[in-house]
Amino acid sequence: TGRGGDGRPLTDHHHAHVMPLDLDDDGHLEHILIHAPMGLGSLAQQAVQALRRTWTKGGSGDLYVAIAGQGDLESLRQLASPFNLRIADLLGPPAGSTRWTSRTPFVLPRHQKRRGANTMEGQLTAELVSRGLPAPRTIEVLPWTGEILAMRHAVRVRRHPAKRPPVDTGFAVRLVFDTPLQGPLSLGYASHFGLGGFSAEPEG
């Protein structure tokens with residue numbers, strides 16, 4: 001839930017990312033990756049393993065949940081085809097990738113300004129640095145065309161009024177770095193709940 005043992009919210013992204021995924025590429029979400037950069041202790045793992053059901057907004061009934069696997073990120077690369085292909089997009093190649101493109105909308109966590117730290121570039125760079133990652137060499141906002149167009153239908157706002165973004169606007173973004181990065185990479189508002197996810201582009 002993003003809170004420590006004392007009940008206070010965790011900072012600096014030191015908590016789990018819940019990433020809904022379409023690993024069989026059929027246009028429907030059927031897996032959820034819980035990525036915890038700091039690792040999960042035994043109690044947290046027991047809580048995940050105890051989950052049996054979940055729900056969808058407007059759904060007709062329960063969704064039953066089963067653990068498909070657990071381990072480190074490299075173990076995900078060992079999944080059978082076609083799952084391993086989608087995981088490769090999420091993680092990038094073993095040597096990393098310098099080019100990352102939005103796979104879910106990037107939503108600004110603060111009001112966008114024309115100059116200063118709260119430009120889109122400033123907010124993206126600050127968050128990357130807060131995660132111990134380098135600043136990008138270039139940031140490109142992509143047009144809503146082709147495969148990217150489907151992202152416009154993503155839910156961009158959390159239901160609790162106090163947890164909504166400053167502006168309900170999503171962007172498709174391409175980031176280019178000087179040094180290769182490994183994923184998963186999620187940035188911006190609600191990046192711990194599926195928004196702001198990036199996929200690695202092939203090198204070369």
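Please read these numbers as outputs of a predicted model, since none were measured by experiment.

This part takes up helix α4 (residues 120-130). In an α-helix, one turn spans 3.6 residues; hence positions three or four apart end up facing the same way. Of the positions making up α4, those classed as buried are Met120, Gly122, Gln123, Leu124, Glu127 and Leu128. Looking at the buried residues of α4, the elements they touch are β6 (138-142), β7 (172-181) and β8 (185-186). At the C-terminal side of α4, Gly132 shows a positive phi close to 75 degrees.

Bringing a nonpolar patch on the surface into the picture now. Residues Val18, Ile32, Ile34, Met38, Leu40 and Phe193 make up a contiguous nonpolar surface patch of about 500 Å² in total accessible area. Following the sequence through the fold, Phe193 ends up in the loop between β8 and β9 (197-200).

When helix α3 (residues 83-91) is considered as a whole, its buried residues turn out to be Ile87, Leu90 and Leu91. Axial view of α3: buried residues confined to an arc of 85 degrees, hence all on one face. Among the structural elements, β1 (17-21), β2 (31-35), α2 (73-76), β5 (97-102) and β9 are those in contact with the buried residues of α3. Gly92 sits one or two positions beyond α3 and adopts a positive phi of about 80 degrees.

Parameters and conventions
- Along each chain, numbering runs from 1 in the same order as the chain's sequence is written.
- With the structure being a predicted model, the display of local features is reserved for residues of pLDDT at least 70 and the display and counting of side-chain atom pairs for 80 or more, all residues being used for whole-chain, interface and lining totals.
- Note that the side-chain values use all heavy atoms of the structure and ignore hydrogens as well as water.
- Only protein chains enter the accessibility calculation, which uses a 1.4 Å probe; a residue is then buried when its area is under 20% of its type maximum, exposed when over 50%, and partly exposed in between.
- Think of it this way: any DSSP run of H or I at least four residues long counts as a helix, any run of E at least two long counts as a strand, and we number them from the N terminus.
- In what follows, a contact means two residues having at least one pair of non-hydrogen atoms within 4.5 Å.
- Patches in this entry comprise residues that are over 30% relatively accessible and not in a salt bridge; like charges within 9 Å are linked, as are nonpolar side chains (Val, Leu, Ile, Met, Phe, Trp, Tyr) within 5 Å.
- What sets the accessible areas is the Shrake-Rupley method with a 1.4 Å probe; for residues, cover comes only from the shown protein chains.
- Any Lys or Arg side-chain nitrogen located within 4 Å of an Asp or Glu carboxyl oxygen qualifies as a salt bridge.
- Here the arc refers to the directions that run from the helix axis out to each C-beta atom.

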